[in-house]
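# Per-entry structural report
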Amino acid sequence: MYHFNSLLKHHNMNYKIIKLKPKKEESLRRFHPWIFSGAVQQKDNDLTEGEVVSVYTASNEFIAVGHYQIGSIEVRVLSFEEEEINPDFWKKRLNSALELRKSIGLLSADNNSYRLVHGEGDGLPGLIIDIYAETAVIQSHSVGMHESRMMICDALKAVMGTTLKNIYYKSETTLPYKANLGAENEYLFGGKDVAEIASENGLKFYPDWVKGQKTGFFVDQRDNRALLERYAKDRSVLNMFCYTGGFSFYAMRGNAKVVHSVDSSSKAVMLTNKNVEINFPDDKRHEAFAEDAFKYLGNINKGDYDLIILDPPAFAKHRGAIKNALQGYKRLNAVAFDKIAPGGIVFTFSCSQVITKEAFRLAVFSAAAMSGRKVRILHQLSQPADHPINIYHPEGEYLKGLVLYVE
Ligand code: SAH
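Criteria and thresholds
Residues numbered from 1 in each chain as written. Predicted model: local features only at pLDDT ≥ 70, side-chain atom pairs only at ≥ 80, totals over all residues. Heavy atoms only, no water. UniProt positions renumbered as here; feature names shortened; annotations may be inferred. Helix = DSSP H or I, 4+ residues; strand = E, 2+ residues; numbered from the N terminus. Rg over C-alpha atoms; globule rule 2.2 N^0.38 Å. Buried < 20%, exposed > 50% of the residue type's maximum accessible area, 1.4 Å probe, protein only. Contact = heavy atoms within 4.5 Å. Areas by Shrake-Rupley, 256 points an atom, 1.4 Å probe, with all protein chains shown as cover. Lys, Arg positive; Asp, Glu negative; His and termini not counted. Charge placed at Lys NZ, Arg CZ, Asp CG, Glu CD. Pairing = 2+ DSSP bridges. Axes fitted to C-alpha atoms, helices over the stretch in contact; angles between N-to-C directions. Domains from an automatic or database assignment. Buried area = accessible area lost by both parts, 1.4 Å probe. Salt bridge = Lys/Arg side-chain N within 4 Å of Asp/Glu carboxyl O. Polar contact = N/O pair within 3.5 Å; in protein donor to acceptor, adjacent residues only side chain to side chain. Nonpolar A, V, L, I, M, F, W, Y, C, P; charged D, E, K, R; others polar. Parallel < 35°, antiparallel > 145°, perpendicular 65-115°, else oblique. Left-handed = near helix turned anticlockwise from the far one by under 90°.

As annotated in an unreviewed UniProt entry, the protein chain is PUA domain-containing protein from Dysgonomonas gadei ATCC BAA-286. According to UniProt, the comment filed for the protein chain under the heading Subcellular location (unreviewed entry) is "Cytoplasm". Quoted verbatim from the Sequence similarities (unreviewed entry) field of UniProt, the annotation for the protein chain is "Belongs to the methyltransferase superfamily. RlmI family."

Okay, the overall build of the protein chain next. Scanning the protein chain from terminus to terminus reveals 10 helices and 20 strands. Relative to the compact-globule value of 22 Å for 407 residues, the protein chain shows a C-alpha radius of gyration of 23 Å, a close match. The dimensions of the protein chain, computed from C-alpha atoms along their principal axes, are 75 × 50 × 35 Å. Relative to its 407 residues, the protein chain shows a buried fraction of 54%. Considering only residue pairs separated by 6 or more positions, the protein chain has 65% of its internal contacts joining residues 24 or more positions apart. Carbon and sulfur atoms make up 51% of the accessible area of the protein chain, which amounts to about 18000 Å² in all. For the protein chain, the separation between the mean place of its 50 positive charges and that of its 48 negative charges on side chains is 5 Å.

Strand order in the open sheet formed by 6 strands is β2-β6-β5-β4-β1-β3, and the pairing between neighbours is mixed. The outermost strands of the open sheet, each flanked by one partner alone, are β2 (34-36) and β3 (40-43). The mean inter-strand angle of the sheet, taken between neighbouring strand axes irrespective of direction, is 35 degrees. Relative to strand β6 (residues 73-79), strand β5 (residues 62-68) is paired through 4 bridges, and the arrangement is antiparallel. Opposite His-67, over in β6, you have Arg-76 as the bridge partner.

A separate point is the domain arrangement of the protein chain. For the protein chain, the assigned domains read domain 1 (17-79), domain 2 (87-195) and domain 3 (217-406). Between domain 2 and domain 3, the residue contacts involve 14 residues of the former and 12 residues of the latter. With both chains or domains summed, domain 2 and domain 3 bury close to 1000 Å², and 60% of this area falls on carbon and sulfur atoms. At the junction of domain 2 and domain 3, the tally comes to 0 salt bridges. Along the contact surface separating domain 2 from domain 3 lie 5 residue pairs in polar contact (both at pLDDT 80 or more). Mapped onto the side of domain 2 that touches domain 3, the elements with two or more residues apiece are α2 (87-103), β7 (113-118) and β8 (127-132). The element that contributes the greatest number of residues to the side of domain 2 that touches domain 3 is β7, accounting for 4 residues. Each residue belonging to the side of domain 2 that touches domain 3 can be placed in one class, and the counts come to 5 nonpolar, 4 polar and 5 charged.

Moving on, we get to the packing of α2 against helix α4 (residues 149-160). Relative orientation of the contacting elements α2 and α4 amounts to 50 degrees, with a least axis distance of 9 Å. On the basis of their axis angle, the class for α2 and α4 is oblique. Between α2 and α4 lies a crossing whose hand is right-handed. Together, Pro-87, Trp-90, Lys-91, Leu-94, Asn-95 and Leu-98 of α2 and Met-151, Ile-152, Ala-155, Leu-156, Ala-158, Val-159 and Met-160 of α4 make up the contact between the two elements. Partitioning the contact of α2 with α4 into residue classes produces 11 nonpolar, 1 polar and 1 charged.

See below:
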């Protein structure tokens, strides 16, 4: 077995080693948390995917410790200090994530759903943890996080205390399939499958982490929904791509005249109806339809709605798809501009990480120009504070939105 520990000046930990090519440590000195395979000079030849490695510069200086993975990102950095990745490490990181959420006022009876860990934004690349009332949903995007799941689970219990009754692990679709981990979606703790009711800004919803998309509810639109509520009064609202109906029940509390929710998935329409119902029982202002967005928008009359929300799924999941995605955003927004009543407001979003806010704005600009309407930007929206962006990892910015006034 080839091992070059002995070459290194200060190797205090037992982890295997990756050594970088000359000058390839520069981005790490600026705390960027990814090491690409092209930067690697030499590595221990018995590395297992997901294990913790120590990373050294070409001049044998310690630079980082992180999770090793086969692929273009070879190491996801957990720490720039020479520290053991042990139960204390996980407790410390989760505790600091929780402290941040507490300090921005996210933990209250009115609001018990939030993102506790947002990957690189919380110094834990590859890990997402969402909290819904008494349940935590863990999602791993890297093999290292998958391998660490029991340690993460224990740390989570220690940090959250008795308020936490269930921990659901949901990574079947987010782990690299090539790693062939056979990861199942399962409870690591608790296991109460009855639907629990969570709250967001005083509104209620049923998070469905078992059957729902992603971790069960999109907490990232919390602030944008609150803004929408302010503009909903007396308006006819179309919530396109409604999923669990978040924007719809905020619009209702904001005294909208009518609210129509549309999603191509009938399961989403069912969830929306259920969530509207627990907040506004028997309220005839709301109706939901299972239909394709373009088909629905194509069939409505000009002026039917004066507030339209467009929150589609990520049109581009990787760089190769950017061009088509921008066309998609342009086409979608153009129909909305064409159909909205004069004096109407459009809330339009993109959650594609690879689409920059400039590119998105340009697509919306082209759509506006196609419609020939006078369009003004009222707000430029982003992701909320429980989805923090690590300043050294700008790639973490993914949600962008525009609120537009259309004459
Ligand atoms: N606005 C939602 C999140 C939207 S997620 C919220 O606040 O929670 C995107 C949704 O778009 C999914 O529910 C998906 O089922 C739906 N969708 C995908 N393609 C669609 C299409 N062509 N027409 C209508 N809905 C679609």
